[in-house]
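Now for the letters of each chain:
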Amino acid sequence: MTRKINIFDTTLRDGEQSPGASMNTEEKLVIARQLLRLGVDVIEAGFPISSPGDFESVRRIAELAGDQATVCALTRAVDKDIEAAADALKYAKRPRIHTGIGVSPSHLRDKLRIDEATCIERAVHAVTFAKSFVEDVQFYAEDAGRSDYDFLVQVIQAVVDAGATVVNIPDTTGYSLPEEFGARIAYLMDHVQGIENVTVSVHCHNDLGMATALSLAGVRNGATQVECTINGLGERAGNTAMEEVVMAIRMHQNELNGHTDINTREFIKASRLVSSITGMNVQANKAIVGANAFAHSSGIHQDGVLKKRDTYEIIDPAEVGAGASQIVLTARSGHAALKHRLEELGYEFEGEELDKLYEAFLNLADKKKEVYDEDLESLVNEQGREGEVNAYTLASVQVSCGFPLKPTATLTLENTEGEAITVCEYGTGPIDAVYKAVNSIVMVDNDLSEFSVNAVTRGIDALGEVTVRVKAANGEVYTGRGADGDIIVSSTKAYLNALNRLIAEHR
Ligand code: KIV
Ligand code: ZN
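The residue numbers shown here count from 1 along each chain, following its written sequence. Working convention: letters from A go to chains and numbers from 1 go to ligands, in the order in which they are written. Residues qualify for local features only when their pLDDT is at least 70, as the model is predicted, and side-chain atom pairs are given and counted only at 80 or more; totals for whole chains, interfaces and linings, by contrast, use all residues. Excluded from the side-chain calculation are hydrogens and water; included are all heavy atoms of the structure.

Chemist: Describe the overall build of the protein chain, and please don't skip the residues or the numbers.
Modeler: For helices the rule is a DSSP run of H or I covering at least 4 residues; for strands it is a run of E covering at least 2, with both sets numbered from the N terminus onward. Along the backbone of the protein chain there are 17 helices and 16 strands. For this measure, only C-alpha atoms enter the radius of gyration; the expected value for a globule follows 2.2 Å times N^0.38, where N is the number of residues. On C-alpha atoms alone, the protein chain measures out to a radius of gyration of 24 Å, which is about the 23 Å that the 2.2 N^0.38 rule sets for 507 residues. Counting only C-alpha atoms and orienting by the principal axes, one finds that the protein chain spans roughly 75 × 60 × 45 Å. Only protein chains enter the accessibility calculation, which uses a 1.4 Å probe. A residue is then buried if its area is under 20% of the maximum for its type, exposed if over 50%, and partly exposed in between. Looking at the protein chain residue by residue over its 507 residues, the buried ones come to 54%. To measure how exposed things are, a 1.4 Å probe is used in the Shrake-Rupley method; for residues, cover is taken only from the protein chains shown. Accessible surface, the protein chain: about 22,100 Å² in total, of which carbon and sulfur atoms supply 51%. Taken as two groups, the 48 positive and 75 negative side-chain charges of the protein chain have centres that lie 2 Å from each other. Only four residue types enter the tally: Lys and Arg on the positive side, Asp and Glu on the negative side; His and the chain ends are excluded. Charged side chains are reduced to one point each, which is NZ for Lys, CZ for Arg, CG for Asp and CD for Glu.

Chemist: Give me the lowdown on the coordination of the zinc ion (ligand 2), citing residues and values where you can.
Modeler: Six octahedral donors around a metal ideally make angles of 90 or 180 degrees; four tetrahedral donors ideally make 109.5 degrees. Any nitrogen, oxygen or sulfur atom within 2.8 Å of a metal ion counts as a donor, with the limit raised to 3.2 Å for Na, K and Ca, and since water is left out, coordination shells can look unfinished. Protein coordination at the zinc ion (ligand 2) comes from Asp14 (OD), His203 (NE2) and His205 (NE2), with a distance range of 2.0 to 2.1 Å. Motif for the zinc ion (ligand 2), donor spacing along one chain: D-x188-H-x1-H. Of this pair, aspartate 14 sits in the loop between strand E2 (6-9) and helix H1 (25-38) while histidine 205 sits in the loop between strand E8 (199-204) and helix H8 (211-220); the two residues are 191 residues apart in sequence, bridging distant segments of the chain. Comparing aspartate 14 with histidine 205 shows no difference in burial state: the two are buried.

Chemist: Which residues make up the packing of aromatic side chains, and what values go with them?
Modeler: Ring pairs shown here join Phe, Tyr and Trp side chains whose ring centres sit within 6.5 Å, with only the six-membered ring taken for Trp; geometry is labelled stacked below 30 degrees between planes, edge-to-face above 60, and tilted in between. The final tally for this structure, using the stated rule, is five aromatic pairs. Ring centres 5.7 Å apart and planes at 35° place the aromatic pair tyrosine 358 and phenylalanine 361 in the tilted group. One end of the pair is tyrosine 358 and the other is phenylalanine 361, both in helix H14 (residues 351-367) and three residues apart, which spans about a single turn. Each member of the pair, tyrosine 358 as well as phenylalanine 361, is classed as buried. Geometrically, the ring pair formed by tyrosine 435 and tyrosine 495 is stacked, given 4.0 Å between the ring centres and 10° between the ring planes. With a gap of 60 residues between them, tyrosine 435 in helix H16 (residues 430-442) and tyrosine 495 in helix H17 (residues 487-506) connect regions that are remote in the sequence. This pair shows no difference in class: tyrosine 435 is buried, exactly as tyrosine 495 is. One aromatic cluster is present, built from ring pairs that chain together Tyr435, Phe451 and Tyr495. The criterion for a charge sitting over a ring is simple: Lys NZ or Arg CZ within 6 Å of the ring centre, and within 35 degrees of the ring normal. Seen from the ring of tyrosine 426, lysine 406 lies directly overhead, with NZ or CZ sitting 5.3 Å from the centre.

Chemist: Describe unusual backbone geometry, naming the residues involved and giving the relevant values.
Modeler: Generally, phi is negative for residues other than glycine and the peptide bonds are trans, each holding for most cases. Following phenylalanine 403, the chain continues to proline 404 via a peptide bond in cis, the omega torsion being 0°. Positive phi, normally seen in glycine, also occurs at arginine 113, with a value near 55°. Within the secondary structure layout, arginine 113 lies in the loop between helix H4 (105-112) and helix H5 (116-131). A relative accessible area of 67% places arginine 113 in the exposed class. The phi dihedral of isoleucine 288 falls on the positive side, at around 70°, and the residue is not glycine. Inspection of the secondary structure assignment puts isoleucine 288 in the loop between helix H11 (267-278) and helix H12 (299-307).

Chemist: Hey, could you go over the nonpolar core for me, with residue numbers and the actual values?
Modeler: Residues belong to one nonpolar core when they are buried, are Ala, Val, Leu, Ile, Met, Phe, Trp, Tyr or Cys, and are joined through side-chain atoms within 4.5 Å. Counting 112 residues, the largest nonpolar core has Phe139, Ile156 and Met242 as its most contacted members. At eight residues, helix H6 (residues 149-161) tops the list of elements feeding residues into this core. Aside from chain neighbours lying at most four places away, what touches methionine 242 is Ile7, Asp9, Leu35, Leu38, Val40, Cys228, Thr229, Ile230 and Phe267. Should any heavy atoms of two residues lie within 4.5 Å, those residues are considered in contact.

Chemist: With reference to specific residues and values, describe helix H2 (residues 52-65).
Modeler: One full turn of an α-helix is made of 3.6 residues, so residues set three or four places apart face in the same direction. A helix is expected to span 1.5 Å for every residue after the first. Helix length check: H2 (14 residues) gives 20 Å between terminal C-alpha atoms against 20 Å at 1.5 Å per residue, within 8%. Of the residues making up H2, those classed as buried are Asp54, Ser57, Val58, Ile61, Ala62 and Ala65. Buried residues of H2, viewed axially, fall in a sector of 130°; they line one side. Tucked into the core, H2 has its buried residues touching H1, strand E3 (42-46), strand E4 (70-74) and helix H3 (79-88). Phi turns positive, to about 50°, at glycine 66, one or two residues after H2. Directions drawn from the helix axis to the C-beta atoms are what define this arc.

Chemist: Summarise the state of the cysteines; cite the residues concerned and give the values.
Modeler: Cysteine sulfur pairs qualify as disulfides if the two atoms are within 2.5 Å. Counted according to the given criterion, the structure contains zero disulfides. No disulfide involves cysteine 72; its sulfur sits 13 Å from that of cysteine 228, the nearest cysteine. According to the relative accessible area criterion, cysteine 72 is buried, its value standing at 0%. There is no disulfide at cysteine 401, and the cysteine sulfur nearest it, in cysteine 424, is 13 Å away.

Chemist: Lay out the packing of H2 against H3 with the relevant residues and their values.
Modeler: As a rule, the C-alpha atoms of each element are fitted with a line to give its axis, helices using only the stretch in contact, and angles between N-to-C directions run from 0 to 180 degrees. At a minimum axis separation of 8 Å, H2 and H3 run at an interaxial angle of 40°. Our classification of the angle between H2 and H3 gives oblique. Touching Phe55, Val58 and Arg59 of H2 are Ala84, Asp87 and Ala88, all from H3. In this scheme, roughly parallel covers angles under 35 degrees and roughly antiparallel covers those over 145, while 65 to 115 is roughly perpendicular and the rest are oblique.

Chemist: Before we move on, can you summarise the environment of isoleucine 5 with the specific residues and values?
Modeler: Positionally, isoleucine 5 belongs in the loop between strand E1 (3-4) and E2. Classification of isoleucine 5 as buried rests on a relative accessible area of 0%. Sequence spacing of isoleucine 5 and valine 246 is 241 residues, and the spatial spacing of their C-alpha atoms is 9.2 Å.

Chemist: Residues and numbers for the side chain of asparagine 239, please.
Modeler: Along the polypeptide, asparagine 239 turns up in the loop between strand E9 (225-228) and helix H9 (242-251). Two N or O atoms form a polar contact when they lie within 3.5 Å of each other; inside protein one atom must be a possible hydrogen donor and the other a possible acceptor, and for residues adjacent in sequence the pair counts only when both atoms belong to side chains. A polar contact of 3.4 Å, which involves the side chain of asparagine 239, links it to the side chain of histidine 203. Apart from the residues within four sequence positions on either side, asparagine 239 is in contact with Thr10, Asp14, His203, Cys204, His205, Asn206, Ala211, Thr229, Gly232, Leu233 and Gly234.

As structure tokens, this is what we get:
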């Protein structure tokens, strides 16, 4: 039997650190349900001291997970962070506090401005303090990938002696080469006494596009936990993608002496869900979950695959949930069918909320005969947003454009007092005209940094889903999404959604 490799998901913590990928508690719960379906061993649910929203998410996810998964909360090596994490995890059946400190020369000298002895002292104190609340304490040695080997051994030895149950060796900046990172893990395995009694974890970033390779090098050399995110979401270039590392372990079980307990058939669903909730689109050629991951275009390849699939395909698409038959709802589908399908997608709606969603579903089903999962996800996204307090809502939008007309938009927004404000603007195109009209009412300083339109499903009647990212004056990025059969309407909704989020945070 090969070693069990634990899968530690940090989509809801490190993943959320991707600019513009922030999620509210309800959205995090939807993703957490999908993580439970995948069978992850640990869910890192947030950084409780950072905001009341993060605290609440950790608390609710701990409740949701019960004893199905360990729920982990991040802290710095600071007492008040650890107290907040312990408080958020109070009702967790399997709580874990994840505390740590920077260990590289750059972090010690330029960020923390402390010497090595102080670093060890703080690390030991943090672990000991966290142990006074929970048994399961994970220590991270931030920027371990650029640290001195022997100093890293000293830090890890000290926290193992202090009772850490898991030691996390992150390549925080994605700097290492796989061979070197593997050698670092091997060095720790050889030089830290008692390391065989704790779990060694790897947490690798993708700055050089090698996060998965780094994690596998860690596993090959002794790590038995991999930290990762769905779609590789995460700070800067992201983290190790769960779907990649799990499929690589599955494909190379013997060489890596490892297996995971992940239900890989849930990968495509998980990928779509995270992409739809965060507005971070998955590139078509992304390994495992990209739209082209199993598409064969050259004649030679098609011929080979038709003769025998594994001539050009190392993974059966069904193993990752690709090409699974779709349930299609129509205007004849009742409340129960909608509720059931939503539950399968990870959403729970009851009572009035379900009635409202059903009404929106019928409206859509009237226009568009077949309603696919992606359509439902778009509807849910819209509905979810209704709970948010919006400074402005869209009352109407109309554009006139074409050759040789000057694109003109007439827009009416309602503010929170129910007052309707109407403006008319010209633009270089219809969307530019609408966005100028929105700006002249909303009047918040912002820079539109990204605009994309996706057909949610195939067919001429597909919903057009627009994702925008706007940069506030302080540099923070806000994502907005809107879906409608009319892309001018979805573009307006998306922009307004991003600006409402920006306004809500700056109130
Ligand atoms: O990249 C990193 O070092 C982290 C730690 C907080 C684990 O995300
Ligand atoms: Zn990280």
